[in-house]
Amino acid sequence: MNIIVNVDKNWAIGCKGQLLFPISQDLKRFKALTIGKVVIMGRKTLESLPGGKPLKGRKNIVLSSALSFTEEESKTTGLYTCKSIEALLELIKSEDFAGFSADDFFVIGGENIYSQLLPYCQKALVTKVEAAAENADAFFPNLETLPNWQVEARSETFYQDELAYSFVDYKCV
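Residues numbered from 1 in each chain as written. Predicted model: local features only at pLDDT ≥ 70, side-chain atom pairs only at ≥ 80, totals over all residues. Heavy atoms only, no water.

J.: For this particular structure, what's the right way to read helix H1 (residues 24-34)?
T.: Owing to its 3.6 residues per turn, the α-helix brings residues three or four apart onto one side. Residues of H1 that are buried: Asp26, Arg29 and Thr34. Projected onto a plane normal to the axis of H1, the buried residues spread over an arc of 110° and lie on a single side. Relative to its buried face, H1 has exposed residues pointing more than 90 degrees away, namely Lys28 and Ala32. Those residues of H1 that are buried lie in contact with strand E1 (2-7), strand E4 (38-42), strand E7 (105-109), strand E8 (123-129) and strand E12 (163-172). (Buried < 20%, exposed > 50% of the residue type's maximum accessible area, 1.4 Å probe, protein only. Helix = DSSP H or I, 4+ residues; strand = E, 2+ residues; numbered from the N terminus. Arc of directions from axis to C-beta. Contact = heavy atoms within 4.5 Å.)

Quick look at the structure:
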């Protein structure tokens, strides 16, 4: 399982349910990496997506005690729900996900889901913005301070307007 996240220099990820820095190149990278794969998110992340709808071209799993879909609804919409991590781990082993490998699963937020699923992830694909967001209220664990995470690859620095950012891939060792 992988994590994909956009963080500021303080590892902040959001404010009032919205991305801090919607960078077009980051959004294109997100789509390219996740299309045809499985995305795992919390209810609030689902609600923050355009129209509150699942991402097209991907299987979507929502980890939430507040949402529930029938098996038939899941197959029709491509949106699956789980009430616990144990249920999630069982679901991803099910026949519905038989053609997917561990690398095909991407945790996409929010804060609580990232924290709960980080121990199950092998890679973290991080867009690091070289700025501090004002009023951030959601954060990602600082991988630089966790002993079992190390940088595997780092891109050059890119710019969107005045905003500098880079793509940093971390690996759990």
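J.: Just to check I follow, could you spell out the sheet that holds strand E3 (residues 18-19) for this structure?
T.: By definition, the strands of a sheet pair up through backbone hydrogen bonds, in either a parallel or an antiparallel sense. Reading across the sheet, the 3 strands line up as E3-E2-E9 and stay open at both edges, with antiparallel pairing between neighbours. Sheet topology places E3 and strand E9 (138-139) at the edges, where each strand pairs with a single neighbour. Two elements, strand E2 (residues 12-15) and E9, share 2 bridges in a ladder whose sense is antiparallel. Opposite Ala12, over in E9, you have Phe139 as the bridge partner. (Pairing = 2+ DSSP bridges.)

J.: Looking at this model, I keep getting lost on the pairing of strand E5 (residues 59-63). Mind explaining?
T.: Within a regular beta strand, the side chains point alternately toward one face of the sheet and then the other, so they alternate between its two faces. Burial analysis of E5 places 4 of its 5 residues in the buried class, the great majority of the element. Both E4 and E5 contribute to a ladder of 5 bridges, which runs parallel. By the bridge assignment for E5, Ile40 is matched with Ile61. Sheet topology places E5 next to strand E6 (residues 79-82); 4 bridges connect them, and they run parallel. Its bridge partner lying in E6, Val62 is registered against Thr81.

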